[in-house]
Amino acid sequence: MDNIGKIVNNVLDERGWRDKVLEKMTVQLWSDVAGPHIAANVIAERFTAGTLYVRARSPQWTQEIHFHEPRLIASLNGRLRKPIVQKIRARVTMPPGTRKGKVELNWEDPTFPAEPQKREEAKAASKNDAAAISSRELTQEIQDPEMRDSLARVIAAVKRSQENKDRETE
């Protein structure tokens, strides 16, 4: 297992992917770290410059995140084994046509997904793209199938992100 870890670490360092992988993992780890009750009502959207941005079902859930923020940050950083998460910023989308101060007490975000999409469903369409194929080749020596698939998904996501940035700069 140490040999596989060294291979993975070398690939991440050689290609400069380590920070991007950790950023993607932060978003993917959210539901595990937050727990099922919070994860059903607050979804991770993105991670930028030390801040994890999440979207809540209602203002009450943004307050709940604020209350649990130190514990959630410590758990995320512990799972990542690196203190990259500094803040969690929660937001909620106001109902269309509503002004602040003119909403009901127990309103909810009308655009919040009824049931968060599972990672496997979200990535099913991308199994045959170049990034996915390349990432599977890089991780083929990892014997644990769950670890191999998880790392392949993260590497593919980082590759796609880099490809998109490269296209934007052209």
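Reading the values: the criteria
- Residues numbered from 1 in each chain as written.
- Predicted model: local features only at pLDDT ≥ 70, side-chain atom pairs only at ≥ 80, totals over all residues.
- Heavy atoms only, no water.
- Core = buried A, V, L, I, M, F, W, Y, C linked by side-chain atoms within 4.5 Å.
- Buried < 20%, exposed > 50% of the residue type's maximum accessible area, 1.4 Å probe, protein only.
- Helix = DSSP H or I, 4+ residues; strand = E, 2+ residues; numbered from the N terminus.
- Phe/Tyr/Trp six-rings, centres within 6.5 Å; stacked < 30°, edge-to-face > 60°.
- Lys NZ or Arg CZ within 6 Å of the ring centre and 35° of its normal.
- Pairing = 2+ DSSP bridges.
- Right-handed = clockwise from strand over helix to strand, strands pointing away.

**Describing the nonpolar core**
In terms of nonpolar packing, the biggest core is built from 21 residues, with Trp30, Val42, Leu52, Val54, Ile65 and Ile88 touching the most fellow members. Elements with a contribution of two residues or more to this core: helix H2 (18–34), strand S1 (42–48), strand S2 (51–56) and helix H4 (59–80). If you tally residues by element for this core, the top one is H4, at 6 residues. Core analysis: the second largest hydrophobic core is formed by 11 residues, Val8, Val11, Leu151 and Val158 among them.

**Details of the packing of aromatic side chains**
Taken as a whole and assessed by the stated rule, the structure comprises 0 aromatic pairs. One cation-aromatic arrangement involves Arg46 over Tyr53; the distance from NZ or CZ to the ring centre is 4.0 Å.

**A closer look at the pairing of S2**
Across the 6 residues that make up S2, a large majority, 5, are buried. One ladder, built from 6 bridges, connects S1 with S2; its direction is antiparallel. In the sheet register, Phe47 faces S2, and the bridge partner there is Leu52. Here S2 pairs with strand S3 (residues 87–91) via 5 bridges, running parallel. Pairing of Thr51 across the sheet is with Lys87, part of S3. With H4 bridging S2 and its parallel neighbour S3, the resulting β-α-β unit is right-handed.

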